[in-house]
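What follows is each chain in one-letter form.
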Amino acid sequence: MNKKMKKDVKLSPSAIIAVGFLLLILTATLLLMLPISARNRQSTPLLTSLFTATSAVCVTGQALVDTGTHWSLFGQVVLIVAIQIGGLGVMTLMALGKRIGLRQRTLLQESVASFHVGGIVRLVRFAMRGTAVVEGCGAVLLSFRFVPMLGWAKGIWYSVFHSISAFCNAGFDLMGPISGEFTSLESFVGDPFVNGVVIMLI
């Protein structure tokens, strides 16, 4: 009598982290390809979306299209969420769960390059709370410049986006509609306040 043996395929922590990043990149790519993600309401080509999503998740700051002029608000939200998750590390999101087993703790340890499993969940949660506080403070400070310049809604959005992008060292900006495509923060070159806040966030 032949019995089919089921083999348990277990990925290493490094492989699971890589798969997590890959899934995040593919999800962001598909969302960026949607017509709603572009200002002109046309689908963005696959390679452009894939390149942008990969750059956002891996926080490299490379872009084929100007973030502020090409992507709609929906597309910008997709980008900043990808930047935030990529900056924190995909596996750190597991720390938000209530029950975390040894395998999940090992993954967290690997994702943050810690030497010890003990206290890793507490450390990651502390890092996430710290990130929220610092990014929140950065957004409030930047709003003193962006709100008077752009109005409440747009000014707050620009403040939040640039605070997260700077803290994650992502290099993405929304200044295209204001100072021209791919100009980044060049129009604030003589503004010590904006430069100081961005420098501290980075």
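Residues numbered from 1 in each chain as written. Predicted model: local features only at pLDDT ≥ 70, side-chain atom pairs only at ≥ 80, totals over all residues. Heavy atoms only, no water.

### Regarding the overall build of the protein chain
Helix and strand content of the protein chain: nine helices and zero strands. Reading the helices (α) and strands (β) of the protein chain from amino to carboxyl end gives α-α-α-α-α-α-α-α-α. Taken over 202 residues, the protein chain has a buried fraction of 40%. By element, 66% of the accessible surface of the protein chain is carried by carbon and sulfur atoms, the whole surface being about 11700 Å². (Helix = DSSP H or I, 4+ residues; strand = E, 2+ residues; numbered from the N terminus. Buried < 20%, exposed > 50% of the residue type's maximum accessible area, 1.4 Å probe, protein only. Areas by Shrake-Rupley, 256 points an atom, 1.4 Å probe, with all protein chains shown as cover.)

### Some thoughts on a nonpolar patch on the surface
A cluster of nonpolar residues, Leu 11, Val 19, Leu 22, Leu 23 and Leu 26, forms a patch on the protein surface that exposes about 420 Å² of accessible area. Tracing the backbone shows Leu 11 in the segment before α1 (13-33). Classification of Leu 11 by relative accessible area gives partly exposed; the value is 42%. (Patch = residues over 30% accessible without salt bridge, like charges linked within 9 Å, V, L, I, M, F, W, Y side chains within 5 Å. Salt bridge = Lys/Arg side-chain N within 4 Å of Asp/Glu carboxyl O.)

### Points about the nonpolar core
Formed by 32 residues in total, the largest nonpolar core has its most connected members in Ile 83 and Leu 142. Breaking this core down by element, the ones donating at least two residues are α1, α2 (46-57), α4 (73-88), α6 (120-150), α7 (152-167) and α9 (192-201). Among the elements that line this core, the one with the most residues is α4, at six residues. Ignoring any residue separated from it by four or fewer positions in sequence, one finds Ile 83 in contact with Ala 56, Val 59, Ile 164, Ser 165, Cys 168, Ala 170 and Phe 172. (Core = buried A, V, L, I, M, F, W, Y, C linked by side-chain atoms within 4.5 Å. Contact = heavy atoms within 4.5 Å.)

### Side note on α2
If you check α2, its first and last C-alpha atoms are 16 Å apart, about what 12 residues at 1.5 Å a residue would give, namely 16 Å. Turning to α2, its buried residues are Thr 48, Ser 49, Thr 52, Ala 53, Ser 55, Ala 56 and Val 57. Where α2 terminates, the next one or two residues include Val 59, which has phi positive at roughly 40°. (Expected span 1.5 Å × (residues − 1).)

### Digging into the environment of Thr 60
The topology assignment puts Thr 60 in the loop between α2 and α3 (67-70). Thr 60 sits 111 residues away from Gly 171 along the chain, and the two C-alpha atoms are 6.8 Å apart. Excluding residues within four positions of it along the chain, Thr 60 makes contact with Ser 55 and Ala 170. Polar side-chain contacts of Thr 60 include one of 2.7 Å to the side chain of Ser 55. (Polar contact = N/O pair within 3.5 Å; in protein donor to acceptor, adjacent residues only side chain to side chain.)

### Comments concerning the side chain of Thr 44
As for its position among the elements, Thr 44 is in the loop between α1 and α2. Under the relative-accessibility criterion, Thr 44 is labelled buried at 2%. The residues contacting Thr 44, other than those within four sequence positions of it, are Leu 32, Met 33, Ala 38, Ser 49, His 70 and Trp 71.

### Regarding the packing of aromatic side chains
In the structure shown here, the tally under the stated rule is three aromatic pairs. The interplanar angle of 65° and the centroid separation of 5.8 Å between the aromatic rings of Trp 157 and Phe 161 together place this pair among those described as edge-to-face. Within this pair, Trp 157 and its partner Phe 161 are both found in helix α7, separated by four residues, close to a single helical turn. By way of ring pairs, the aromatic residues Phe 146, Tyr 158 and Phe 188 are connected into one cluster. (Phe/Tyr/Trp six-rings, centres within 6.5 Å; stacked < 30°, edge-to-face > 60°.)

### Considering the packing of α4 against α7
Put simply, α4 and α7 touch, their axes get as near as 10 Å, and they point 30° apart. Taken as axis vectors, α4 and α7 run roughly parallel relative to one another. Where α4 crosses over α7, the handedness of that crossing is left-handed. Contacts from Leu 73, Gln 76, Val 77, Ile 80, Ile 83 and Gln 84 of α4 reach α7 at Trp 157, Phe 161, Ile 164 and Ser 165. Taken together, the residues that form the contact of α4 with α7 break down as seven nonpolar, three polar and no charged. (Axes fitted to C-alpha atoms, helices over the stretch in contact; angles between N-to-C directions. Parallel < 35°, antiparallel > 145°, perpendicular 65-115°, else oblique. Left-handed = near helix turned anticlockwise from the far one by under 90°. Nonpolar A, V, L, I, M, F, W, Y, C, P; charged D, E, K, R; others polar.)

### Let's talk about the confidence of the model for the protein chain
Confidence in the prediction of the protein chain, expressed as mean pLDDT, is 86, and 79% of residues score 70 or more. Predicted confidence in the protein chain is weakest over helix α5 (residues 102-111), with a mean pLDDT of 60, and strongest over α2, with 98. (pLDDT = per-residue confidence, 0-100.)

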